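Below are the chains, spelled out letter by letter.
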Amino acid sequence: MAEPIAFIDGEYIPANEAKIPILEPTFTKSDVVYDTISSTDDLIFRLDDHLDRFENSCQSMKISPPYDRNEIASILATCIDKTGYRDTCTTLMGTRGPYKDILSRDPRTCQNGLIAVSVPYYYVIPKDKAEQGVNLSIVENKRVPSESVDARVKNFNWMDLTRGLLEAYDKGGDSAILCTPDGKLSEGPGFNIWFSKDGELKTPKGNLLEGITRKTIFELATEMGIKATEIEVYPEDLRNADEAFTSTTAGAVASIIQIDGKPLGNGAPGILTGRINDLYWKKRKDGWHGTPVKSLLN
Ligand code: PLP
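Values in this document were obtained by computation on a predicted structure and should not be read as measured data.

Analysis parameters
Residues numbered from 1 in each chain as written. Predicted model: local features only at pLDDT ≥ 70, side-chain atom pairs only at ≥ 80, totals over all residues. Heavy atoms only, no water. Domains from an automatic or database assignment. Contact = heavy atoms within 4.5 Å. Buried area = accessible area lost by both parts, 1.4 Å probe. Salt bridge = Lys/Arg side-chain N within 4 Å of Asp/Glu carboxyl O. Polar contact = N/O pair within 3.5 Å; in protein donor to acceptor, adjacent residues only side chain to side chain. Helix = DSSP H or I, 4+ residues; strand = E, 2+ residues; numbered from the N terminus. Nonpolar A, V, L, I, M, F, W, Y, C, P; charged D, E, K, R; others polar. Axes fitted to C-alpha atoms, helices over the stretch in contact; angles between N-to-C directions. Parallel < 35°, antiparallel > 145°, perpendicular 65-115°, else oblique. Left-handed = near helix turned anticlockwise from the far one by under 90°. Near = heavy atom within 4 Å. 1 Å grid on protein atoms, 1.4 Å probe; cavity = no way out; pocket = protein on both sides within 12 Å on 5 of 7 lines; lining within 4 Å. Sits in = over half its atoms within 2 Å of the grid points. Pairing = 2+ DSSP bridges. Core = buried A, V, L, I, M, F, W, Y, C linked by side-chain atoms within 4.5 Å. Buried < 20%, exposed > 50% of the residue type's maximum accessible area, 1.4 Å probe, protein only.

Before going further, it helps to examine the domain arrangement of the protein chain. Many authors give the size of an interface as the accessible area that is lost as the parts come together. Taken as a whole, the protein chain is organised into domain 1 (5-120) and domain 2 (127-285). Using only C-alpha atoms to locate each centre, domain 1 and domain 2 end up separated by 26 Å. Counting residues at the interface gives 22 residues for domain 1, matched by 20 residues for domain 2. A combined buried area of about 1,800 Å² lies between domain 1 and domain 2, and 57% of that area is made up of carbon and sulfur atoms. Across the domain 1-domain 2 interface, the total number found is three salt bridges. Scanning the region where domain 1 abuts domain 2 turns up nine residue pairs in polar contact (both at pLDDT 80 or more). Secondary-structure elements contributing two or more residues to the side of domain 1 that touches domain 2 are strand E3 (32-40), strand E4 (43-45), helix H2 (47-60) and strand E5 (88-95). The element contributing the most residues to the side of domain 1 that touches domain 2 is E3, with nine residues. The residue makeup of the side of domain 1 that touches domain 2, split by class, is nine nonpolar, eight polar and five charged.

Contact geometry for H2 and helix H3 (residues 69-83): axes closest at 11 Å, N-to-C directions at 120°. By the angle between their axes, H2 is oblique relative to H3. The element H2 and its partner H3 pack so that their crossing is right-handed. Here H2 contributes Leu-47, Asp-48, Leu-51, Asp-52, Phe-54 and Glu-55 to the contact with H3, which in turn contributes Arg-69, Ile-72, Ala-73 and Leu-76. Across the contact of H2 with H3, the residue classes tally to six nonpolar, no polar and four charged.

A separate point is the site of the ligand. The environment of the ligand is formed by 17 residues, the closest being Lys-154, Glu-187, Ile-212, Thr-213 and Thr-249. Between the ligand and the protein, one listed contact pairs an oxygen atom with a side-chain N or O atom of Lys-154 at 2.7 Å. Contact between the ligand and Ile-212: an oxygen atom at 2.8 Å from a main-chain N or O atom of the residue. Of all the cavities here, the one that holds the ligand is the largest pocket. When contributions to the shell around the ligand are tallied by element, the ones reaching two or more residues are helix H6 (212-224) and strand E13 (243-248).

The next subject is the sheet that holds strand E16 (residues 290-292). Picture the strands of a sheet paired through backbone hydrogen bonds; they go either parallel or antiparallel. If you walk across this open sheet you meet the seven strands as E2-E1-E6-E5-E3-E4-E16, and the pairing is antiparallel. Strands at the two margins of the open sheet, each flanked by one partner only, are strand E2 (11-14) and E16. Pairwise comparison of adjacent strand axes, ignoring direction, gives a mean angle of 25° for this sheet. As paired elements, E3 and E5 share eight bridges and run antiparallel to each other. The residue bridging Val-33 from the neighbouring strand is Gly-94, located in E5.

Here we come to the nonpolar core. Generally speaking, a soluble globular protein has its nonpolar side chains buried in company with each other. Formed by 23 residues in total, the largest nonpolar core has its most connected members in Ile-44, Leu-47, Phe-54, Leu-76 and Leu-92. Elements with a minimum of two residues in this core: strand E1 (5-8), E3, H2, H3 and strand E6 (113-120). Looking at this core element by element, the count peaks at seven residues for H3. Core analysis: the next-biggest nonpolar cluster, separate from the first, contains 19 residues, Val-134, Leu-136, Cys-179 and Ala-244 among them.

The next subject is the packing of H6 against helix H8 (residues 271-285). For the pair H6 and H8, the least separation of the axes is 10 Å and the interaxial angle reads 105°. On the basis of their axis angle, the class for H6 and H8 is roughly perpendicular. Each of Thr-213, Thr-216, Ile-217, Leu-220, Glu-223 and Met-224 in H6 lies in contact with H8, whose residues at this interface are Leu-272, Arg-275, Ile-276, Leu-279, Tyr-280 and Lys-283. Here the contact of H6 with H8 is built from residues that sort into seven nonpolar, two polar and three charged.

Counted residue by residue, strand E14 (residues 252-259) has seven buried out of eight residues, so it is predominantly covered. Two elements, strand E7 (residues 134-142) and E14, share three bridges in a ladder whose sense is parallel. The residue bridging Val-134 from the neighbouring strand is Ile-256, located in E14. Hairpin connection from E13 to E14: three residues lie between these consecutive antiparallel strands, with Gly-251 at a positive phi of about 125°.

Bringing the side chain of Thr-216 into the picture now. Following the sequence through the fold, Thr-216 ends up in helix H6. Once residues lying within four places of it in the same chain are set aside, the contact partners of Thr-216 are Phe-45, Arg-46, Tyr-280 and Trp-288.

Here it is in structure tokens:
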């Protein structure tokens, strides 16, 4: 029977049996960095890009997982293999780990760890909603400025994103878009945003996680002969766009058809958005940027 699998304390176990000690700053301080990687048809997508980003996140927080890059790749693949699912999302976590001494609060004394957990492939924005197109709220809650919490470091400090998501639900939205305190568009809880105007694609720049799917959209745009740029953008730019969509590992592309309940463009999933999503999945099926799970098993 297929089931989610975790790697924790050096062992592979059913994910619902994996536990974090409640005294660890991993839990009490959200002192953990992570990355989420997808596999479809037993091919891991953009493994090196994800491992690069994970390493950068670890370095930025001075977390040193007790495994090297090849070992981490092998742990990731083993988790996927053991689940029995062909399509997965796997989260790697670099944890601060337990304090050496119960009386100490010095993070330098902690024994850093690595946790991985593989679950069936999931959609940040539910699949049916993504296909029909979503209504996103541009919320009052602001994204924490990168000067305080570097959004490029993928981390569990989600208070701003979760508050934004709850605010969006209260307003009848399917999810949220957060702005920076100075009013520029940033990103949503678990996705980057894109829009097209007069045939060109634009995505916000700065104060956001530089998504691997976002990088992929830039490559697809080049292949499709569409100009794509990252620029500072404001809510009005998005509201006046022809089409818009979200991008994320967990679900790829979802059409945005309304902002704050008002139609965006013609209020239907965009043609260009559909072409990008189709090309993304076609190329993944053809093995683009794919590493076979089996090639990494020991
Ligand atoms: N922004 C945030 C805050 C995220 O958590 C994520 C993904 O989890 C993304 C953007 C999209 O990044 P990626 O395409 O690497 O999944």
